[in-house]
Amino acid sequence: MSRKVILDVDTGTDDAVAIMFAALHPELDLIGVTTVNGNVPVENTTDNTLRVLDWIGRSDIPVFEGLARPIARLGFPTARGDSDGGPHGKALPIPEPRSVRQDTGAVEFLVETLRSATEQITLVPVGPLSNIATALAIDPALTEAVDEVVIMGGGHAVTNMTASAEFNIWADPEAANVVLSAGFGRLTLVPLDATYQALVTRDTCARLEESGTPAGIAASRFISRRIDAYDGTVNAADAAPVHDVVCAAYLVRPEVITTRSLHVTVETAGPLTIGRTVMDTRLNSTQKPNAEVAFGADPQLLADLLLDVFTRPPSTTAASVSPPPE
Ligand code: BDR
Ligand code: CA
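Residues numbered from 1 in each chain as written. Chains lettered and ligands numbered in written order. Predicted model: local features only at pLDDT ≥ 70, side-chain atom pairs only at ≥ 80, totals over all residues. Heavy atoms only, no water.

**Q** Explanation requested: the coordination of the calcium ion (ligand 2) in the structure shown.
**A** Each angle at a metal carrying four tetrahedral donors should ideally be 109.5 degrees, and each at a metal carrying six octahedral donors should ideally be 90 or 180 degrees. The calcium ion (ligand 2) binds to the protein through D10 (OD), D15 (OD), D15 (OD), V126 (O) and D244 (OD), with metal-donor distances spanning 2.3 to 2.8 Å. For the calcium ion (ligand 2), all donor residues lie on one chain, and their spacing in sequence is D-x4-D-x110-V-x117-D. With D10 in the loop between β1 (3–9) and α1 (13–24) and V126 in the loop between β4 (121–125) and α4 (130–138), the pair connects residues that are 116 residues apart, well separated along the chain. V126 shares its class with D10; the two are buried. (Donors = N, O, S within 2.8 Å, 3.2 Å for Na, K, Ca; no water. Helix = DSSP H or I, 4+ residues; strand = E, 2+ residues; numbered from the N terminus. Buried < 20%, exposed > 50% of the residue type's maximum accessible area, 1.4 Å probe, protein only.)

Set out below in structure tokens:
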């Protein structure tokens with residue numbers, strides 16, 4: 001039986017790769033995608049999400065638009081405002097969407113779906129945690145319907161937004177604390193420490209492109225853009241992290257990451273450290289772990305998974321329901 005998954009995204013090039021992976025992997029049943037403000041404003045993350053699903057023939061997966069702002073810091077920037085030279089850009093380089101988002105909002109979808117779930121659902125938030133925290137504020141018992149929450153966010157030795165913080169957690173630190181302390185049965189955190197170890201190379205992009213499949217072409221385009229943007233900032237030539245897809249890959253091949261059980265909380269007060277994931281790595285810590293934290297990731301296994309899922313002819317993927325647009 002395939003695993004039921006809800007992705008919460010701020011699409012974004014790496015979110016886009018994660019969406020394609022979850023939508024096309026035969027062992028995953030992507031029952032909905034919720035969008036949130038993050039890499040770009042929420043109307044653009046929604047538009048990008050619809051583009052991706054249309055492009056790979058999975059317009060049947062419903063998209064629900066979520067929060068345009070963090071839950072507490074209303075004065076915070078409403079989006080990262082990625083520039084045209086950045087790893088995302090405002091609009092993904094594939095055709096405009098043909099399908100439209102649902103009328104129901106993301107938080108309403110999360111609350112209704114989790115309240116009425118007859119089987120366990122896996123939540124995979126790979127953007128700021130505003131939607132998930134708001135749903136939990138409405139009904140803290142939603143955790144009972146979730147077998148695992150897999151979050152891309154945070155950093156211990158590696159950060160990217162400030163000297164202390166990773167972007168997804170920094171963008172809504174109060175929301176992150178709500179989710180980390182909600183009491184989920186299993187919470188896996190995939191921080192930058194892990195995603196920077198699973199760099200995807202230009203060689204993999206070339207193989208994806210050569211496949212000629214819609215997903216292969218799009219993944220190559222998105223990851224190549226990231227490699228251009230990361231040029232010189234990672235310890236490898238012609239490669240870049242594709243953070244969010246590590247979470248999706250973990251769902252089907254848990255060994256793609258290696259984890260430690262730790263207590264994690266988020267700093268919300270220090271002016272220099274807002275959004276820092278404070279991971280209690282002390283060997284003599286008495287704090288009860290609330291997360292399985294990834295500190296390692298396997299680049300070869302990730303590349304193999306991307307090639308496996310994205311280069312399959314569309315007809316053999318989970319449910320190719322309409323031909324890709326030209
Ligand atoms: C995270 O921030 C976003 O830019 C990416 O999509 C990823 O989820 C990495 O810090
Ligand atoms: Ca993201």
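And the narrative resumes.
**Q** It is not clear to me how the pairing of β1 should be interpreted in this structure. Could you clarify?
**A** With respect to burial, β1 is a largely interior element, five of its seven residues being buried. Relative to strand β2 (residues 28–35), β1 is paired through seven bridges, and the arrangement is parallel. Each bridged residue has a counterpart across the sheet, and for V5 the counterpart in β2 is L30. Where the polypeptide runs from β1 across α1 and back to β2, its parallel neighbour, the crossover connection is right-handed. The pairing of β1 with β4 spans four bridges and is classified as parallel. Of the residues in β4, the one forming a bridge with D8 is P125. (Pairing = 2+ DSSP bridges. Right-handed = clockwise from strand over helix to strand, strands pointing away.)

**Q** Sorry, what's going on with the site of ligand 1 here?
**A** Taken together, 15 residues sit near ligand 1, with D14, N39, R80, E166 and D244 positioned nearest. Residue V126 places a main-chain N or O atom 2.9 Å away from an oxygen atom belonging to ligand 1. At a separation of 2.6 Å, an oxygen atom of ligand 1 approaches a polar side-chain atom of D244. Alone, ligand 1 offers 280 Å² of accessible surface; in the complex the protein occludes 98% of this. Looking at the shell around ligand 1, the elements with two or more residues in it are α1, α5 (167–171) and α10 (243–252). Looking at the shell around ligand 1, its residues break down into four nonpolar, five polar and six charged. (Near = heavy atom within 4 Å. Polar contact = N/O pair within 3.5 Å; in protein donor to acceptor, adjacent residues only side chain to side chain. Areas by Shrake-Rupley, 256 points an atom, 1.4 Å probe, with all protein chains shown as cover. Nonpolar A, V, L, I, M, F, W, Y, C, P; charged D, E, K, R; others polar.)

**Q** Explain α1 here, please?
**A** Residue pairs three or four apart in sequence face the same way in an α-helix, which turns once every 3.6 residues. Spanning twelve residues, α1 covers 17 Å between terminal C-alpha atoms, matching the ideal 16 Å at 1.5 Å per step. Most of α1 sits out of view: twelve of its twelve residues are buried. Those residues of α1 not exposed but buried are T13, D14, D15, A16, V17, A18, I19, M20, F21, A22, A23 and L24. Its buried side turned inward, α1 meets β1, β2, α2 (42–55), α9 (214–230), α10 and α11 (299–310). (Expected span 1.5 Å × (residues − 1). Contact = heavy atoms within 4.5 Å.)

**Q** Looking at this structure, how should I read the nonpolar core?
**A** One recurring pattern in soluble globular proteins: nonpolar side chains tend to sit buried together. Judged by nonpolar contacts, the single largest core of 67 residues is most densely connected at F21, I223 and F310. The leading source of residues in this core is α1, at nine residues. With near-sequence residues (within four places) excluded, I223 lies in contact with V17, V200, C205, L208, V242 and L306. Judged by nonpolar contacts, the second largest core, of 34 residues, contains F64, L114, L142 and L187. (Core = buried A, V, L, I, M, F, W, Y, C linked by side-chain atoms within 4.5 Å.)

**Q** Got a minute to help me understand the pattern of salt bridges in this structure?
**A** Pairing is possible between side chains of opposite charge, provided their charged atoms come close. Under the criterion given, the structure shown has 14 salt bridges. Of the charged contacts in the structure, one is a salt bridge between R101 and E65, with a shortest N-O distance of 3.6 Å. With R101 in the loop between β3 (63–65) and α3 (106–115) and E65 in strand β3, the pair connects residues that are 36 residues apart, well separated along the chain. Here the residues in one salt-bridge network are R3, E148 and R186, joined through shared partners. (Salt bridge = Lys/Arg side-chain N within 4 Å of Asp/Glu carboxyl O.)

**Q** How do you make sense of the sheet that holds strand β11 (residues 291–297) when you look at a structure like this?
**A** Either a parallel or an antiparallel arrangement is found when strands of a sheet pair, and the pairing is made through backbone hydrogen bonds. The strand order across the open sheet formed by nine strands is β3-β2-β1-β4-β5-β6-β11-β9-β10, and the pairing between neighbours is mixed. Only two strands of the sheet have a single partner each, and these edge strands are β3 and β10 (277–280). Geometrically, the sheet is characterised by an average inter-axis angle of 30° between neighbouring strands, direction not taken into account. Against the sheet, helix α6 (residues 173–180) makes contact with β5 (146–152), β6 (187–190) and β9 (257–266), and its axis sits at roughly 115° relative to β9, the strand it touches most. (Axes fitted to C-alpha atoms, helices over the stretch in contact; angles between N-to-C directions.)

**Q** Explain the side chain of T188 here, please?
**A** Structurally, T188 is set in strand β6. Judged by relative accessible area, T188 falls into the buried class, the value being 0%. For T188, the side chain forms a polar contact with the side chain of E148, separated by 2.6 Å. Setting aside residues up to four positions removed in sequence, T188 forms contacts with E148, V149, V150, I151, Y250, I257 and E292.

**Q** Would you take a moment to explain unusual backbone geometry for this structure?
**A** Excluding glycine, most residues fall at negative phi; most peptide bonds, likewise, are trans. With an omega of -10°, the peptide bond running from T11 to G12 counts as cis. Structurally, G12 is set in the loop between β1 and α1.

By themselves, these figures tell us nothing about what the structure is for.
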